[in-house]
Amino acid sequence: MALHASTVVVPIDFSSASASAINTALEIVENPSQLYLIHVMLPLETMSPGVLLGDVTDVSRTEKVTTALKNLAEIHKAEDAHLAVTIGTPGLEIADYAKREKADLIIIPSHGYHGLKRLFLGSVAERVLRHAPCRVLVLRRADQE
Amino acid sequence: MSPLFFKLFLFFTFLFLTGHNIVALAQVPEPASANVETDKKDLNKEAAESFTASIDSQFGIIVENMANVLFWEPVKAVPIPLIVIILLCGSVFFTIYHKWLNIRGFKHAIDITRGRYDNPNDPGEISHFQALTSALSATVGLGNIAGVAVAIQTGGPGAVVWMVLIGLFGMTAKFNECTLAMVYRKVRPDGTVDGGPMHYLEIGLQERGFPFAIAKCFGLVFAIFCIGGSFGGGNMFQANQATSAVRGMIGDRPGLDWFFGCLLAFLVGLVIIGGIKRIGQVTEKIIPLMCGIYVLAGIIILILHANQIPEAAVLIVRSCVSPEAAYGGFIGVLVQGIRRAVFSNEAGVGSAAIAHAAAKTDEPVREGMVAMLGPFIDTVVICTMTALVVIVSGAYNTPEAGQGVEMTRWAFSETLSWFPTVLNISVFLFAYSTMISWSYYGEKAWQYIFGTTKKAIIMYRILFLGFIVLGAVASLENVITFSDLMILSMAFPNIIGGVILAPRVKVLLQDYWRRYKANEFTVYE
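No experiment lies behind these values; they were computed from the predicted model shown.

### Notes on the overall build of chain A
For step 1, the next point in the chain: The helix and strand tally for chain A stands at 6 helices and 5 strands.
For step 2, the next point in the chain: Its helices and strands in sequence order give chain A the pattern β-α-β-α-α-β-α-β-α-α-β, from N to C terminus.
For step 3, the next point in the chain: Of all intrachain contacts in chain A linking residues separated by at least 6 positions in sequence, the fraction that spans at least 24 positions is 74%.

### Side note on the overall build of chain B
For step 1, the next point in the chain: Secondary structure summary: chain B contains 23 helices and 2 strands in total.
For step 2, the next point in the chain: Its C-alpha atoms give chain B a radius of gyration of 22 Å, within 12% of the compact-globule value 24 Å for 525 residues.
For step 3, the next point in the chain: Buried residues in chain B amount to 54% of all 525 residues.
For step 4, the next point in the chain: The long-range share in chain B, meaning contacts at least 24 apart out of those at least 6 apart in sequence, stands at 81%.

### With respect to the sheet that holds strand β1 (residues 8–11) of chain A
All names here are of chain A.
For step 1, the next point in the chain: On the basis of which strands lie adjacent, the open sheet formed by 5 strands has the order β3-β2-β1-β4-β5 and parallel pairing. The sheet terminates laterally at β3 (82–87) and β5 (135–140), the two strands that pair on one side only. Adjacent strand axes in the sheet meet at a mean angle of 25 degrees when their direction is disregarded.
For step 2, the next point in the chain: For strand β4 (residues 105–110) and β5, the ladder comprises 6 bridges, and the chain directions are parallel. In the sheet register, I106 faces β5, and the bridge partner there is V136.

### Some remarks on the interface of chain A and chain B
For step 1, the next point in the chain: The partner chain B presents 30 residues to the 26 residues of chain A that form the contact.
For step 2, the next point in the chain: For the side of chain A that touches chain B, the elements supplying multiple residues, two or more each, are β2 (35–41), α2 (49–52), α3 (58–75) and α5 (116–120) of chain A.
For step 3, the next point in the chain: Tallying contributions element by element places α3(A) first for the side of chain A that touches chain B, with 5 residues.

### Quick notes on the packing of helix α9 (residues 159–183) of chain B against helix α23 (residues 491–517) of chain B
Residue and element names in this part refer to chain B.
For step 1, the next point in the chain: Contact geometry of α9 with α23 gives a least axis separation of 9 Å together with a crossing angle of 75 degrees. Of the possible angle classes, the one that applies to α9 and α23 is roughly perpendicular. Counting all contacts with α9, which are made through N176, E177, T179, L180 and V183, the residues of α23 involved are N494, G498, L501, A502, R504, V505 and L508.

### So, the nonpolar core
For step 1, the next point in the chain: Grouped together as the largest cluster of nonpolar side chains are 171 residues, with contacts concentrated most on W162(B), A223(B), I338(B), V390(B), V427(B) and I468(B).
For step 2, the next point in the chain: When residues in this core are grouped by element, the largest group, 18 residues, is from helix α20 (residues 419–450) of chain B.
For step 3, the next point in the chain: Ranked by size, the runner-up nonpolar core spans 34 residues in total, among them V9(A), A78(A), V128(A) and V136(A).

### Structural notes on the environment of V370(B)
Residue and element names in this part refer to chain B.
For step 1, the next point in the chain: By the secondary structure assignment, V370 is in helix α17 (residues 364–371).
For step 2, the next point in the chain: Separated by 46 residues in sequence, V370 and L416 place their C-alpha atoms 34 Å apart.
For step 3, the next point in the chain: For V370, the residues in contact, after removing those within four places along its chain, are A109, I112, T113, H128, A131 and L132.

### Description of the pairing of β4(A)
All names here are of chain A.
For step 1, the next point in the chain: Buried residues dominate β4, accounting for 5 of its 6 residues.
For step 2, the next point in the chain: Taken together, the 2 bridges between β1 and β4 define a ladder with parallel strand orientation. Considered in β4, the bridge of V9 is made with I106.

### A few points about the environment of Q238(B)
Residue and element names in this part refer to chain B.
For step 1, the next point in the chain: Along the chain, Q238 turns up in helix α11 (residues 212–250).
For step 2, the next point in the chain: In this structure Q238 comes out as buried when scored by C-beta crowding, with 31 C-beta atoms within 10 Å.
For step 3, the next point in the chain: A sequence separation of 282 residues divides Q238 from E520, and the C-alpha atoms of the two residues are 45 Å apart.
For step 4, the next point in the chain: Setting aside chain neighbours within four positions, we find Q238 in contact with G141, L142, A431, T434 and M435.

Here is what the cut-offs are and how they apply
Residues numbered from 1 in each chain as written. Chains lettered and ligands numbered in written order. Predicted model: local features only at pLDDT ≥ 70, side-chain atom pairs only at ≥ 80, totals over all residues. Helix = DSSP H or I, 4+ residues; strand = E, 2+ residues; numbered from the N terminus. Contact = placed C-beta atoms within 7 Å. Rg over C-alpha atoms; globule rule 2.2 N^0.38 Å. Buried ≥ 20, exposed ≤ 12 C-beta atoms within 10 Å, placed from the backbone. Pairing = 2+ DSSP bridges. Axes fitted to C-alpha atoms, helices over the stretch in contact; angles between N-to-C directions. Parallel < 35°, antiparallel > 145°, perpendicular 65-115°, else oblique. Core = buried A, V, L, I, M, F, W, Y, C linked by C-beta atoms within 7 Å.

As structure tokens, then:
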């Protein structure tokens, strides 16, 4: 059965797995403008050296990530895709974004770790599953460490 | 059970098993408050004191039990704790293995720090100079002002020699760990970086063929002690000595330690929970100025006492080779010197590697060389100067000079009567900036274990503030032992892992040095 969706959210962490998630999404949507790419940044620590002595701010970080998202979209010939950069806990932010954009599908890669590795590595996909307002397609990652 | 709570459960179980001995708890000695004279009229004061004393006594029992485990002495005839042996051997090993880089690379390290090779387009958050400033704001502070006094008090003047020697050897230990932190750091898409011993231990050891579980264990043990260190030396010791400085300034008042502890916690909370970064930025900028004033005052005193310096130097050297029995003989002096030096410059401990990982460069070795200057400035320059002032002023054998920071204050005020006010302000600012820097180290370690969720992070920050208050009310002895335990124990995984990964650093260093000698680097000055 073919999977149909007209508003697809793809969380991007700039790994090779996010690239294959974009490809999967492009196969599903009719038009790249139905694609919603989001990158979630962690909150900035006010006591980090970059903030106290350097010039790291939320504005400078957002600019860098937006440029990187644009480049990624161009590489996949999806210049019309919607881009978003938010700050917070990745799983929750992705689910919130899907709610805001009234998405009908989220495509997210997952390591599929269990045991000790599951305890310490990646639970973003799990959190998205628990909070998502719509269907979630979990892709098994090929870039396991 | 959610992973966060499962990990919290494991974390506190580990701390409990390491530190708490139920049998010992059952034999709790009567707290010091039991000796409070009953004819005291001020009952409120008595109640407050007894509450404080009971907290301190409970804390003391935990610390004592932890010390039994972590300061284990493998050879009974030679009472040197295992961790001190590891620190000493590790620092000497790195120095010989990297062919005395602390000496041959010194000039180049200064050139890098001056910004000769700073390329603004390199990945990272801060310049080489800013990375060094950031790491120094965590190390230069009460370890130099109060720690030196403690070293002389407990190890005699001879301890200074060992402090300086371990400072010199520690330079290459610092080089090794900061280079590794750069090699294995993660640069996020937003330009921020994440690095430190927990990451290089985990990834580096796996690269060298260790299974995931063992590599992860190294990272976890480091992270646990780093969190402990952020509560101890990076927090309680600072709060304790800052409170002591205030007490020296306005006299002892009932409830002062509680009040001042809460005030400090509030001020740190403004930055780490309130997110008011301006306060932290201003403090970080004032610190180099305060260091300058402190060193200048020390130089003035030493010039005024110039004729006594040769005598002091002779005393230091003589008591280092033939120490008095009161200080535990030769071994006692050696152990005290090393403990206080490492506590002050944190070489081999791995903490500074977290700050240095943020440097803007694509040459890991280059940042390692900058980091090498840390122990030199901290221990060889500032600690030696404090030690000479404490000795030429005679404070070290004057009982009324007090202990810790009070002894240093007494020593400086003998010559410069205006100095105590400046010192009190410095102590406060040093303590404040060290607490902020260490809260960052501790939080990075906490994130490594508990993840980056909001809930986990806020939990750490609240605990951190709680320990500030505890540090202000506990006694110096307990606080120092706890702080030493945690900070020195970070060296267990860090030095062992660092030795295993040293060949990687050596290859990078040889390549870098060859290109440096062939003038292949672009100079941006």
